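Tertiary structure, described
These are the residues of each chain, in order.
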Amino acid sequence: MNMPNERLKWLTLYAAVALIVCGSQSLAANPPDADQKGPVFLKEPTNRIDFSNSTGAEIECKSSGNPMPEIIWIRSDGTAVGDVPGLRQISSDGKLVFPPFRAEDYRQEVHAQVYACLARNQFGSIISRDVHVRAVVNQYYEAEVVSEYVIRGNTAVLKCTIPSFVADFLRVEAWVASDGTEYVPEEDFDGKYLVLPSGELHIREVGPEDGYKSYQCRTKHRLTGETRLSATKGRLVITEPVGSVSPKINTGEDFKNLKGKSGQDLSILCPAQGYPQPFFRWYKFIEGTTRKQAVVLNDRVKQVSGTLIIKDAVVEDSGKYLCVVNNSVGGESVETVLTVTAPLSAKIDPPTQTVDFGRPAVFTCQYTGNPIKTVSWMKDGKAIGHSEPVLRIESVKKEDKGMYQCFVRNDQESAEASAELKLGGRFDPPVIRQAFQEETMEPGPSVFLKCVAGGNPTPEISWELDGKKIANNDRYQVGQYVTVNGDVVSYLNITSVHANDGGLYKCIAKSKVGVAEHSAKLNVYGLPYIRQMEKKAIVAGETLIVTCPVAGYPIDSIVWERDNRALPINRKQKVFPNGTLIIENVERNSDQATYTCVAKNQEGYSARGSLEVQVMVSPQIQPFDFGVEPANTGEMAGGFCMVPKGDLPMEIRWTLNSAPIITGEHGFSLSRLNPRTSSLSIDSLEARHRGLYKCIASNKAGSAEYSAELHVNVPPRWILEPTDKAFAQGSDAKVECKADGFPKPQVTWKKAVGDTPGEYKDLKKSDNIRVEEGTLHVDNIQKTNEGYYLCEAINGIGSGLSAVIMISVQAPPEFTEKLRNQTARRGEPAVLQCEAKGEKPIGILWNMNNMRLDPKNDNRYTIREEILSTGVMSSLSIKRTERSDSALFTCVATNAFGSDDASINMIVQEVPEMPYALKVLDKSGRSVQLSWAQPYDGNSPLDRYIIEFKRSRASWTEIDRVIVPGHTTEAQVQKLSPATTYNIRIVAENAIGTSQSSEAVTIITAEEAPSGKPQNIKVEPVNQTTMRVTWKPPPRTEWNGEILGYYVGYKLSNTNSSYVFETINFITEEGKEHNLELQNLRVYTQYSVVIQAFNKIGAGPLSEEEKQFTAEGTPSQPPSDTACTTLTSQTIRVGWVSPPLESANGVIKTYKVVYAPSDEWYDETKRHYKKTASSDTVLHGLKKYTNYTMQVLATTAGGDGVRSVPIHCQTEPDVPEAPTDVKALVMGNAAILVSWRPPAQPNGIITQYTVYSKAEGAETETKTQKVPHYQMSFEATELEKNKPYEFWVTASTTIGEGQQSKSIVAMPSDQVPAKIASFDDTFTATFKEDAKMPCLAVGAPQPEITWKIKGVEFSANDRMRLLPDGSLLIKSVNRQDAGDYSCHAENSIAKDSITHKLIVLAPPQSPHVTLSATTTDALTVKLKPHEGDTAPLHGYTLHYKPEFGEWETSEVSVDSQKHNIEGLFCGSRYQVYATGFNNIGAGEASDILNTRTKGQKPKLPEKPRFIEVSSNSVSLHFKAWKDGGCPMSHFVVESKKRDQIEWNQISNNVKPDNNYVVLDLEPATWYNLRITAHNSAGFTVAEYDFATLTVTGGTIAPSRDLPELSAEDTIRIILSNLNLVVPVVAALLVIIIAIIVICILRSKGNHHKDDVVYNQTMGPGATLDKRRPDLRDELGYIAPPNRKLPPVPGSNYNTCDRIKRGRGGLRSNHSTWDPRRNPNLYEELKAPPVPMHGNHYGHAHGNAECHYRHPGMEDEICPYATFHLLGFREEMDPTKAMNFQTFPHQNGHAGPVPGHAGTMLPPGHPGHVHSRSGSQSMPRANRYQRKNSQGGQSSIYTPAPEYDDPANCAEEDQYRRYTRVNSQGGSLYSGPGPEYDDPANCAPEEDQYGSQYGGPYGQPYDHYGSRGSMGRRSIGSARNPGNGSPEPPPPPPRNHDMSNSSFNDSKESNEISEAECDRDHGPRGNYGAVKRSPQPKDQRTTEEMRKLIERNETGPKQLQLQQTNGAGFTAYDTMAV
């Protein structure tokens, strides 16, 4: 047989496995336990394992079974795999591991091998699929791209050539063109460039430009991930077509056969070129035929040029494809065979089966995948030579149990499945239980041999002697019987034993489940004897094993001889002492002979026996076939079966499909050409001749066979032709249609369209119709399935078969309608009809209420029948209906196939009654929900109700209707108008008629939000940042109530941002337009505006967007890239680039160039302007050789924009002008001094002067003399006396000589009068520099020179002196030196004088700054220069700062009359001053201007507008708050039940625009609500009382006071509770006495307290900008451990107790304190005086004691001590803050001071009286001095500059409710706070959280506070530069106990302290900066402190202080005023 190579490879493997399996053969055949099973793979290795030598690999193999199988790895030759150190190892868990290895360690037998995994246990063995392991050593490789030749216009395909040794591991990732473009595989196939799935680059319609690029492919290695570009670059060589070219296809072998995997994208190339460009068509051959059909192109299959691309390939795409290419010249075609492989998988059904002995077992191998070359079976790892998908074991035997495997293979991979066969029933193989032993005896006696065996079934026992069966004879008797327990006893009797009876006896127990045997020798003394041996025939190649049958005893030797030669005579022969001869691999030539056995004893006696061995050769057939292609019917076919080897005679026979072939039958002809050859011929092929032909050759040695398949193309023919069928309705119909043919025909069914055959359409797949293997199944067949059907069988051979049949359905009668209702009006006739369908004849009977209806009994009834095509119609007529006819009528139909019935429910009907109980359930603005009771329906279902409604003023003729279904009793009437009165009624209607109308109800609809949009909207720009919006209300009918106002929304057009809305109240005047100005808009920006009206319900629809631009503004950026170029001495070109479009703020119309000489630039009046529309211009008429400064600005309709940065250019030099003046002075009789002044316009740098001289009147030549540029005079000598000379002078620059000066004539003379050569001049000197004024004089005698300054004779001093040359030198010029200086020269002949003017340039003096106007965010100031400024002023610098901010500056031009400082904080104080500057520098500062921006704290709303209460929540409408002019920042919301003390914070950051709902309130409960509203000017607190509604929405009664008790009632209550009252009173008395004692002791011991002057400064970072909303996020909140919520910005958790609620009460309805309403507020601070001794203050005045104190006021103010008044603010200049000094006590007591108004205590009170108006202020040297509380050492804090006075308290802080004194160990005058409250934190009203941490830790929450306290800043308190944001505070010290943090949480009062201007920002809480006094007497226990506090009787409750680590109180520098 021809065995596939893959199976041959495993033959040796099976032999190895056989050894393993042998052990299982002897196992008991008992069926294993239910949980025992053979091995099954859990994780089977894959077919291919490729790995890189750098990574290594692990191959896992896991199996399950019971017992757990053993895993063994084997090679393809079956040998087990062992470890190879470093290269291969088997891990303990069964993995085959290949570690990474070096390239030089590669071993083919390890790294390129086929492995398998074998799993075995006692029930069998299984082998995994083949595992092809391939290690890849990293080798250098290069991919290449070769150039491609292509005709223009055709398609080019560039290939990436990859070396074969890496081809399996590389894929083309991309193509890279030389221009950098990358092409990657894409889904889109429409582009010019396409990377095919196979990696080629496909370029369509190649043009000449494609020849300029080169291409590289980039590959990626799938194992290493390495990417690499090809080593070469490919180009397209484009050839121009010369004439027409027919298509030519260039293909190689790789195009002929193409393989791909299913799911991959595949491309089939057809690389053809031609001209004209060819046309491509693709075809696919129908499998097994030569017919082809065009490839259908769709989303999955596409054609790009000539390339066919198949996406997500499937196995069905496999086949032969044909590409046909044509153009006008010719055509070409190419075939490609595509094989789409699918992964192989197999499954055996059933996976486990248990079969009884002798029963058949069937295993079916179900496999998928493509292609499948072979199917093979194994049992327990051994091949069983079966290659069909179905394995059948006809009769199961014991050895058949075990593991079976089915293997499917192709060239690439394999797959396997396993199944287990178990034996069923209980079977025991035979067991020898008792047997005979070896025995030696003398001849004569009889011998009895016995064997006992057991087993199930009962075994049979047989006996053998030396391998020959023993039969009964006269001497040998065999008998057996079965014992009671089922054992078989067998015995052998030998009568009178002879020596010849000796030998090897064997008993064999055998049953169908096994064999057991036992053998032993019987030795009988006697001579040797050999029994006769029969002739032995053996087949060549087998092994001969024969034992010599020797008798006799004892035997000395047994030998074998051949041809008298003792064996062995060659290697194949083996002889054993027991007489056994083995000859291996016998051959006829060498081993066929007669062999002799010779047995001898010691005496020399011998016996001989011969054995003839005949060697036979079995046949061997030479392979044959019938050709590759299938044959067609009618053709001839034949084959030869030749048997070259084998013994004759030989029989040769043929079979077809296992049936013998007989000559002459069915066209077969057999002939025996010779003894070894047989021929088969078929004259004319038919279908029956198709099949598997087998030639079988047999002889005595054996047989052989060979098979070949003959394929015959046979047109279809019927095996089972369908015929007409009839089926009972509802049955499952089955119509068979089977056809035969080759290829196997495809059988399809179709159904005729309509009732006649002719046109057919495919059967639609449905649940009940299916076709399986040609058989049509119709489950539950119905009449609709009746009709003509066509069965068609086609296989591509011939025209195919078809048969048309009729399927009819035999139906019993059927009523399509089983039950229906029929109605009739009472008194009218009615007809009841029943139509029964089915096979006729059909009989119909009528029943009424299940009683037979007989028309004879009642003449009102008549029955008629009508025969229809589909059945019978029966009609029952009733002449006139009565109420009794309301009954159930039934018609019963019967035919031969069955019966059916149908019922008609007859209902006699009337008109319904009218509906009643009409009620309104709910109503809204546009709908009302109604309900009503259903009336009597008149025995007819109510079809509908008609709800009629009208407006109350209309009549019922003008009504609207709503139709409601009759089954409901509720309905909604919609489309009503809001706020309108309606009348509503209802009518019922059934099929009979309409009822009367119900009674009407009247309702009024609710209001709704407006439904109309505002009208006539206009948006017009007012200016650059403002637009005016005007509109009119919506139509009156769309108000839906009363309009309250409008929301006007605006946003930037063309953005996705949301609208910003503003609210406008409604104008009640009829027809009047509303308007609103939108301000602070962007310049020249388009805005979209929408408007919506709102009423109390809500807002209406938005209007349509109106878009409008704001007015054009000025450009916000200057032109850029300004540059200038000098053209000539009087022209400069200036160029620039337009400013960015977004900064133009309009349409740029022109540009302005501003220019002036640089030294005049500061003077606006001297600047020149030039306009131009272009981006450059030339400036003409400039001064020569002058430096010019230029700026460029853009101009829009809005005005001039920002100027560019000044640029500078100098004009070119030119020849100078003439010297301004010339003098000629006689120096003697031969000399004249010529002097001159420089030219007014030198037009360059003067290089020299030329002096011309000429004698007058003579023809003499002109003399010239060059003079250096620095010399302004020239002495002409050697002149003639008394002769006039003419002189003139010119100046020269590098350009040339300039104009000549005027001529002047002089004549040398002996007389030399005094003359001054210098000229009158103006000198400009800079402040503090030296100045020199010349006075050069001539004369003889020498003139005397004197100076006058401003008309006064000059006398020399330290600063001024006369120089030898007559010049005057002034050192360090000051402003007073400016003026006229005259120089006088005089001699005896004449005198002369000149006058110089000296101008001193000094920095400006302080300008005048006045306030012009203020707004909420801006200040306007007027600036005037100082009258005494001499130098021209260039401009001002304006300095300004907020009260607690940093200085900022702004430049102001000199000609600005007013200046706006914008972007300021609302409602804040500012300091402003200005300095001037000129070209000398900055001048002196002006006085400080103290002012503030407008704006106030938030204003309270009305309660009804703000609060809206429901049962479990309250809604807060924050828009009701007025912002006081400063925008709101946020709200803090707190609530509590009325009877609770502690407030609960709901939210600390509610935005002002929103409404806010407080949830989870209890119904019907009184609550307090506290709201803190914040804006930049401060905060306002409001408190409200409200009660939630009841659950039903009702209100609860106001809370009542308890009834007053009479004295009698009071006494009765006390007496009845004496047991409680007495202890309480006693305890109180003890406590009061203890407090009094402690207070007295404490007052005596409290002598040396450190005083604390309340005046402090802050560290540098102490001031935070409260207006920075982001600061809160930067700093966060730090909650104390026992705090439920953190303190919040601006909430009133202050630690100072709010003013106790005294007799007058401070609470209004909203409980928000207004200091202006209660001027007598401080009267509540009264307390009896407490004597106090000697508290010393370190002041110079003698009164060293403060004699009287209030409790808790130990640091009382002493006489003549200077203090700063706290808590009050001046309304005058804040720089004059009140420093005042107390007056001395009279006789040591403070008494009332006459004339003090508004004192805090009433007259006559012996305490200190402090009056604001009556205090005298005394100046102090250092207001900022502060005494340290630690031992009295003082710290001096240098004050800030005078204008930085931090004592500016705002006017609203004049009134202070309370402050307090707290020194070390002192108590507080204060109300209660929470346990952890910081008692010192009395912040200003706006600054409740200004100092949560205090001291060096800055003020984390200062941005919620207001202007800080006095002394808040030390000098140089720096803020962060730039935005001025403060640094966050450093963390608190490590020992800080957070339980004592100074978070504020007031429990008692809602009154907010408008606290002191000054406030301690020193160390707070327990940060430990203020230490306890070291004196022991000041160290008080906690209990003492508590008692001291309790002694304070003035407050309603006492503040509970938390201890600071048990160290008593912390000192707080706060003073009561």
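The rules we used
- Residues numbered from 1 in each chain as written.
- Predicted model: local features only at pLDDT ≥ 70, side-chain atom pairs only at ≥ 80, totals over all residues.
- Heavy atoms only, no water.
- Helix = DSSP H or I, 4+ residues; strand = E, 2+ residues; numbered from the N terminus.
- Contact = heavy atoms within 4.5 Å.
- Disulfide = S-S within 2.5 Å.
- Buried < 20%, exposed > 50% of the residue type's maximum accessible area, 1.4 Å probe, protein only.
- Pairing = 2+ DSSP bridges.
- pLDDT = per-residue confidence, 0-100.
- Patch = residues over 30% accessible without salt bridge, like charges linked within 9 Å, V, L, I, M, F, W, Y side chains within 5 Å.
- Areas by Shrake-Rupley, 256 points an atom, 1.4 Å probe, with all protein chains shown as cover.
- Salt bridge = Lys/Arg side-chain N within 4 Å of Asp/Glu carboxyl O.
- Core = buried A, V, L, I, M, F, W, Y, C linked by side-chain atoms within 4.5 Å.
- Phe/Tyr/Trp six-rings, centres within 6.5 Å; stacked < 30°, edge-to-face > 60°.
- Polar contact = N/O pair within 3.5 Å; in protein donor to acceptor, adjacent residues only side chain to side chain.
- Axes fitted to C-alpha atoms, helices over the stretch in contact; angles between N-to-C directions.

Take the overall build of the chain next. Across its full length, the chain carries ten helices and 145 strands. Long-range contacts, defined here as pairs at least 24 residues apart, represent 67% of the contacts in the chain between residues at least 6 apart.

Counted under the stated rule, the structure contains twelve disulfides. A sulfur-sulfur separation of 1.8 Å characterises the disulfide bridge that pairs Cys365 with Cys406. Between Cys365 and Cys406, the disulfide has an S-S torsion of -70° and is therefore left-handed. Linking Cys365 in strand β33 (residues 361–370) with Cys406 in strand β37 (residues 402–409), this pair joins segments that are 41 residues apart in sequence. Grouping residues by exposure puts Cys365 and Cys406 together as buried. Two residues, Cys451 and Cys507, share a disulfide whose sulfurs are 1.8 Å apart.

What follows concerns the pairing of strand β92 (residues 1015–1021). The sheet contact formed by β92 and strand β93 (residues 1027–1032) spans five bridges and is antiparallel. Following the sheet pairing, Val1019 is matched in β93 by Val1029. Counting the residues in the hairpin turn of β92 and β93 gives five residues.

Right, let's talk about the confidence of the model for the chain for a bit. Predicted confidence across the chain gives a mean pLDDT of 78, with 78% of residues reaching 70 or more. Contacts from residues 1648–1982, a stretch scored under 50 in pLDDT, to residues over four places away or in other chains number 823 contacts.

The next thing to look at is a nonpolar patch on the surface. On the surface, Leu1620, Val1624, Leu1628, Ile1632, Ile1636 and Ile1640 cluster together to form a nonpolar patch covering roughly 550 Å² of accessible area. Ile1636 sits in the partly exposed class, given a relative accessible area of 46%.

Below, the discussion takes up the environment of Ser1450. Take Ser1450: it is sitting in strand β128 (residues 1448–1453). With a relative accessible area of 19%, Ser1450 lands in the buried category. Note: C-alpha distance between Ser1450 and Thr1437 (13 residues apart in sequence) is 5.7 Å. Not counting the four nearest positions on each side in its chain, Ser1450 is found in contact with Tyr1436, Thr1437, Leu1438, Tyr1440 and His1459.

Here we come to the pattern of salt bridges. Should the charged atoms of two oppositely charged side chains come close, the side chains can pair. The full count for this structure, using the stated rule, is 70 salt bridges. Arg134 serves as the salt-bridge partner of Asp50, at 3.2 Å between the closest nitrogen and oxygen. Here the residue Asp50 occupies a position in strand β2 (residues 48–52), and Arg134 occupies one in strand β10 (residues 131–136), the gap between them amounting to 84 residues. In this structure, the salt-bridge partner of Glu182 is Arg218, at a minimum N-O distance of 2.8 Å. Placement of Glu182 in strand β16 (residues 182–183) and of Arg218 in strand β19 (residues 214–221) is noted, with a sequence separation of 36 residues between them. The exposure class assigned to Glu182 is partly exposed, which follows from its relative accessible area of 42%. In this structure, a network of salt bridges that share partners links the residues Asp50, Arg134, Asp168 and Arg222.

This part covers the nonpolar core. Counting 27 residues, the largest nonpolar core has Ile621 and Tyr693 as the members making the most contacts within it. Among the elements of the structure, β59 (637–642), β60 (651–656), β63 (677–682), β64 (691–699), β65 (702–710) and β66 (712–720) are those that each provide at least two residues to this core. With four residues, the top contributor of residues to this core is β65. Those residues in contact with Tyr693 that sit more than four places away from it in its chain are Phe626, Thr655, Leu656, Ile661, Phe668, Leu680, Ile682, Tyr706, Ser707, Ala708 and Leu710.

All right, on to the side chain of Thr1475 then. Locating Thr1475 in the fold gives a position in strand β130 (residues 1469–1477). Looking at Thr1475, the relative accessible area reads 11%, which means it is buried. Apart from residues lying up to four places away in sequence, Thr1475 is in contact with Pro1407, Gly1435, Tyr1436, Thr1437, His1439, Gly1483, Glu1484 and Ala1485.

As a further point, take the packing of aromatic side chains. Under the counting rule described, the total for this entry stands at 35 aromatic pairs. Between Phe1506 and Trp1521, the ring centres sit 5.9 Å apart and the planes meet at 85°, which makes this aromatic pair edge-to-face. With Phe1506 in helix α6 (residues 1503–1506) and Trp1521 in the loop between β134 (1514–1517) and β135 (1528–1537), this pair connects stretches of sequence that are 15 residues apart. Overall, Phe1506 belongs to the buried group, its relative accessible area being 0%. Exposure remark for Trp1521: the relative accessible area of 6% places this residue in the buried category.

Right, let's get into the side chain of Thr881. With respect to the helices, strands and loops of the structure, Thr881 is situated in the loop between β82 (871–878) and β83 (888–895). Polar side-chain contacts of Thr881 include one of 2.8 Å to the backbone oxygen of Arg825. The residues contacting Thr881, other than those within four sequence positions of it, are Ala824, Arg825, Arg826, Gly827, Glu828, Ala830, Met906 and Val908.

A few words on the sheet that holds β83. Across the sheet, five strands lie side by side as β77-β84-β83-β79-β80; this open sheet has mixed pairing. Every other strand in the sheet has two partners, leaving β77 (819–825) and β80 (851–852) as the edge strands with one partner each. Alignment of strand β79 (residues 843–848) against β83, held across six bridges, turns out to be antiparallel. Looking at β83, one finds that Trp846 is bridged to Cys891.

This part covers the environment of Asn895. Examined against the element boundaries, Asn895 turns out to sit in strand β83. Look at Asn895 and you get buried, because its relative accessible area is 9%. Along the primary structure Asn895 and Gly843 are separated by 52 residues, whereas in three dimensions their C-alpha atoms are 6.7 Å apart. In this view, Asn895 contacts Ala811, Pro812, Pro813, Gly838, Glu839, Pro841 and Ile842; residues no more than four positions away in its chain are not counted. Separated by 3.4 Å, the side chain of Asn895 and the backbone oxygen of Ala811 make a polar contact.

Taken across its eight residues, strand β112 (residues 1285–1292) has seven buried, putting it largely inside the fold. By the bridge criterion, eight bridges tie strand β109 (residues 1248–1255) to β112 in an arrangement that is antiparallel. Residue pairing for β112: Gln1248 is matched across the bridge by Ser1292. Note: β112 against strand β114 (residues 1304–1306), three bridges, orientation antiparallel. Looking across to β114, one finds that Tyr1285 is bridged to Ala1306. Looking at chain direction, β112 and strand β113 (residues 1297–1300) are connected through two bridges and run antiparallel. Pairing of Ser1292 across the sheet is with Glu1297, part of β113. In this antiparallel pair of consecutive strands, β112 and β113, the connection spans four residues, and Gly1296 shows a positive phi of 160°.

It is worth spelling out the sheet that holds strand β17 (residues 193–195) at this point. Pairing is antiparallel in the open sheet, where three strands are placed in the order β13-β18-β17. With partners counted over all chains shown, the strands left at the sheet margins are β13 (156–158) and β17, one partner each. Ignoring which end each strand starts from, the neighbouring axes of this sheet average 20° apart. Pairing geometry for β17 and strand β18 (residues 201–203), over three bridges, is antiparallel. Within the sheet, the bridge partner assigned to Leu194 lies in β18 and is His202.

For residues besides glycine, phi is generally negative; the peptide bonds are generally trans as well. Cis geometry is adopted by the peptide bond preceding Pro67, which originates at Asn66 and carries an omega value of 5°. Looking at where Pro67 falls in the secondary structure, it is placed in the loop between β4 (62–66) and β5 (70–75). In this structure, the amide linkage connecting Asp349 to the following residue, Pro350, adopts the cis form with an omega of -5°. Relative to the elements of secondary structure, Pro350 occurs in the loop between β31 (331–349) and β32 (352–355). Of note, the phi angle at Ala1564 is positive, near 55°, even though the residue is not glycine. With respect to the helices and strands, Ala1564 occurs in the loop between β137 (1555–1558) and β138 (1566–1575).

Let us now look at the environment of Val1454. Considering the arrangement of structural elements, one finds Val1454 in the loop between β128 and β129 (1458–1461). For Val1454, a relative accessible area of 26% gives the class partly exposed. Placed 30 residues apart in sequence, Val1454 and Lys1424 show a C-alpha to C-alpha distance of 8.9 Å.

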